[in-house]
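Report on the structure
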Amino acid sequence: MDWSKTKTIFILAFLILDIYLMVEFYELRGKSDYAIMQRATTEEQLAADGIVYDNLPGDIGKGFYITAKSKDFTLDEVSKLKDQTLVLTNSKLSGDTFRILNMDLGEPFPLPDVNEKSKVSQFLKENVISGELYHYWYTDELTNSMIYIQQYKNQNIFQVKDDHIGMVILYLNEKNEIIAYEQSMLEDINEVEEKETAIPALKAIEALYNKKYLKSNSKIIQIQYGFYTHIPLSNQQILAPTWHIIVETDEDMRESYYVNALEGEVLQSAQ
């Protein structure tokens, strides 16, 4: 065996390997530096346009779609609700089931001036079917009502009022008493097995910015992660992991947006 030639071959092999590893290292570092530059560029562009926001939520990790079925309430369930009267509307489906319950209270339920939401939570748990599933969403001053939406694993199931797929609307009188409510509900909720890394909150804001939805000198006053469908179906629902973003413009107008947390698609919608 010619040890001199063998030695030369090994030296050349290790030299080629070293060159390959160096090229891979610099490519990876370049990609990392580029990602950091891209994020800084987004933040700088927002700042230059006077678009501000407070602390953003942390990364979500894996996101996933969920499926759910719209519940049909039965007369048997309604009959167990004490001191309440079912109001028949066109929400009646067929037979003795209802997609949306419209209930009048026999006696108004007073709300205190302090700890109001805590008292409402008590009302929901004691007077509404599976009332513990619903959490405060917003107050509608025009109709003097409070809107509560369903949650799944502590994440809101976002929906506009007209969709009414997993929502309780509490109607108040001039004395700040609950006098009636409407209820819809999702059940048989299942997670779709395919899970992907959700985009961070800043990427959702960037998606709005790139689509020209964010006006100069506006402020992002709220950003939350949850689930949303912009095309509600009559029975079976498919809901995407979604960032809900509320923006206040310099004219004191509020705009509401939804951004798919997996695909980065912007779904413009108002409450």
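Here the structure is shown first, and the text comes after it.
This one's a predicted model, so the numbers in the text were calculated from it and none came from an experiment.

What follows covers the overall build of the protein. Scanning the protein from N- to C-terminus turns up four helices and 18 strands. Here the protein, with 271 residues, has 39% of them falling under the buried criterion. A sequence separation of at least 24 residues applies to 60% of the contacts in the protein between residues at least 6 apart. Here the protein displays about 16100 Å² of accessible surface, and carbon together with sulfur accounts for 52% of that area.

Extensive coverage of strand S9 (residues 145-152) is indicated by the burial of eight of its eight residues. Bridge count for strand S8 (residues 134-140) against S9 is six bridges, and the pairing is antiparallel. Pairing of tyrosine 134 across the sheet is with glutamine 150, part of S9. What sits between S8 and S9 in their antiparallel hairpin is a turn of four residues, with asparagine 144 showing a positive phi close to 50°. In terms of strand pairing, S9 meets strand S10 (residues 155-158) through two bridges, oriented antiparallel. From the neighbouring strand, glutamine 151 faces S10, where its bridge partner is asparagine 156. Between the end of S9 and the start of S10, which pair antiparallel, lie two residues, with lysine 153 showing a positive phi angle near 50°.

A few words now on the side chain of threonine 42. Position of threonine 42 among the secondary structure elements: in helix H1 (residues 3-48). The contacts of threonine 42, once residues within four sequence positions are left out, are Leu202 and Glu206.

Below, the discussion takes up the environment of glycine 226. The residue glycine 226 is located in strand S15 (residues 219-228) in this model. Taking the C-alpha atoms as reference points, glycine 226 and histidine 244, separated by 18 residues in sequence, lie 7.5 Å from one another. Discounting chain neighbours no more than four positions away, the residues touching glycine 226 are Gln155, Asn156, Phe158, Ala240, Pro241 and Thr242.

What follows concerns the pattern of salt bridges. Overall, the coordinates contain 10 salt bridges when judged by the stated rule. Across the pair aspartate 140 and lysine 161 runs a salt bridge, and its minimum N-O distance is 2.9 Å. In this pair, aspartate 140 is assigned in strand S8 and lysine 161 in the loop between S10 and strand S11 (167-172), connecting sequence segments 21 residues apart. The residues aspartate 140 and lysine 161 share a single accessibility class, namely buried. Of the charged contacts in the structure, one is a salt bridge between lysine 153 and glutamate 191, with a shortest N-O distance of 2.5 Å. Residue lysine 153 is found in the loop between S9 and S10, and its partner glutamate 191 is found in strand S13 (residues 186-191); the two are separated by 38 residues along the sequence. A relative accessible area of 56% means that lysine 153 is categorised as exposed. Judged by its relative accessible area of 24%, glutamate 191 falls in the partly exposed class. Within the structure, one salt-bridge network assembled from shared partners comprises Lys71, Glu77 and Glu187.

Further remarks concern helix H3 (residues 116-127). For H3, spanning 12 residues, the distance from its first C-alpha to its last is 16 Å, which sits close to the expected 16 Å at 1.5 Å a residue. Every buried residue of H3 is listed here: Val120, Phe123, Leu124 and Asn127. Buried positions in H3, seen along its axis, are confined to an arc of 100° and lie on one side of it. Across from the buried face of H3, at angles greater than 90 degrees, the exposed residues are Ser118, Lys125 and Glu126. The inward-facing, buried residues of H3 contact strand S5 (84-86), strand S7 (101-110), S8, S9, S11 and strand S12 (177-183).

Definitions and cut-offs
Residues numbered from 1 in each chain as written. Predicted model: local features only at pLDDT ≥ 70, side-chain atom pairs only at ≥ 80, totals over all residues. Heavy atoms only, no water. Helix = DSSP H or I, 4+ residues; strand = E, 2+ residues; numbered from the N terminus. Buried < 20%, exposed > 50% of the residue type's maximum accessible area, 1.4 Å probe, protein only. Contact = heavy atoms within 4.5 Å. Areas by Shrake-Rupley, 256 points an atom, 1.4 Å probe, with all protein chains shown as cover. Pairing = 2+ DSSP bridges. Salt bridge = Lys/Arg side-chain N within 4 Å of Asp/Glu carboxyl O. Expected span 1.5 Å × (residues − 1). Arc of directions from axis to C-beta.

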